[in-house]
Structures are given as structure tokens and as C-alpha cells.
Amino acid sequence: QVQLVESGGGLVQPGGSLRLSCAASGSISTINAMGWYRQAPGKQRELVASMPSGGRANYADSVKGRFTISRNNAKNTVYLQMNSLKPEDTDVYYCNAKFFRVGTYVLEDAWGQGTLVTVSS
């Protein structure tokens, strides 16, 4: 079984910072990409940032210049450094991994449990 465990969410004041972490574990052969999505009530889940194996990060326009995604490939871990946080960043953030399971050639998706980020005074 492949699982993604997230941590780092919480309450922060506007202008503050948080760092999210997500570690993938299980029968994973290789990970092609990891990323972060967020979803507000009644809204579709949207991409925040992603990091494919090719190395070029992708960011939503709303977070460019404020958020930074990074990966530790040896630990199957992805991070999201969030600076200059705004109230509109308040959401549940979900980690995602696209991977090959050991012994297979089919690309699969896995999701973290979600971690709540609240930006408020």
C-alpha cells in the first residue's frame, strides 16, 4: 500500500510563513512527479505547485514569488515553503504523487490526507 503523510499545516498571521511536508511510503519504484493542490469548500481542487522529475517547478499564478516547492528524492518527500501568506491562501492542502509501483508499468496517483492552512489575524 502506498501512502502520503502530510504535516505542517496550521494557523498563521497574514504575511507569515509555513512549511508543508509530505512523505510517500510503500511499494514505490519511482516517482515521476510530486505536487501540492488546495481545495476550498464548494470549489474544485486546484494545482498550487508541482515538481516533475525533469526538475522544472510549476506554480499557480497566485502563488508565484511567494511559494517554493522542493523535493528530497532519496526520502520520497516533497515540501512547500509558503511565505507572505494571505487570507486567500486559506485552504486544505493536499499532497500528490505520480508514481510507478514496484513490479508495474502503470503510472498511478496517490493523495495525502490533507492539511489545513488558515491565514488569519
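Up top is the structure these notes are about.
Along each chain, residue indices are assigned from 1 in the same order as the chain's sequence is written. Two thresholds apply to this predicted model, a pLDDT of at least 70 for residue-level local features and 80 or more for giving and counting side-chain atom pairs, whereas whole-chain, interface and lining totals are computed over all residues. Hydrogens are left out, water is left out, and the side-chain values use all remaining heavy atoms of the structure.

(A) Here's a closer look at the pattern of salt bridges. When a carboxyl oxygen of Asp or Glu lies within 4 Å of a side-chain nitrogen of Lys or Arg, that pair is called a salt bridge. In total, this model carries seven salt bridges according to the counting rule given. A salt bridge links Asp89 to Arg66; the nearest nitrogen and oxygen atoms lie 2.8 Å apart. Here Asp89 is found in the loop between β8 (77-82) and β9 (91-101), whereas its partner Arg66 is found in the loop between β6 (58-59) and β7 (67-72), with 23 residues between them in sequence. When salt bridges that share partners are traced, they join Arg38, Glu46, Arg66, Asp89 and Asp91 into one network. Here a strand is any run of E in DSSP of at least two residues, a helix any run of H or I of at least four, and the numbering for each starts at the N terminus.

(B) Structural detail: the state of the cysteines. Cysteine sulfur atoms that come within 2.5 Å of each other are treated as a disulfide pair. Taken as a whole and assessed by the stated rule, the structure comprises one disulfide. Each sulfur in the disulfide pair Cys22 and Cys95 lies 2.1 Å from the other. One quick way to see it: the torsion about the S-S bond of Cys22 and Cys95 is about -85 degrees, and its sign makes the bridge left-handed. Separated by 73 residues along the polypeptide, Cys22 in strand β3 (residues 18-25) and Cys95 in strand β9 bring together distant segments of the chain. Per residue, the accessibility class of Cys22 equals that of Cys95, and both read buried. Exposed residues in this analysis have more than 50% of their type's maximum accessible area, buried residues have under 20%, and partly exposed residues fall in between, with area computed by a 1.4 Å probe over protein chains only.

(C) Region of the structure containing the side chain of Thr115. Relative to the helices and strands, Thr115 is located in strand β11 (residues 115-119). The exposure class assigned to Thr115 is buried, which follows from its relative accessible area of 11%. Contacts were defined at the residue level, with two residues in contact if any of their heavy atoms lie within 4.5 Å. Those residues in contact with Thr115 that lie beyond four places of it in its chain are Glu6, Gly8, Gly9, Leu20, Asp91, Val92 and Tyr93.

Keep in mind these values describe shape, not function.
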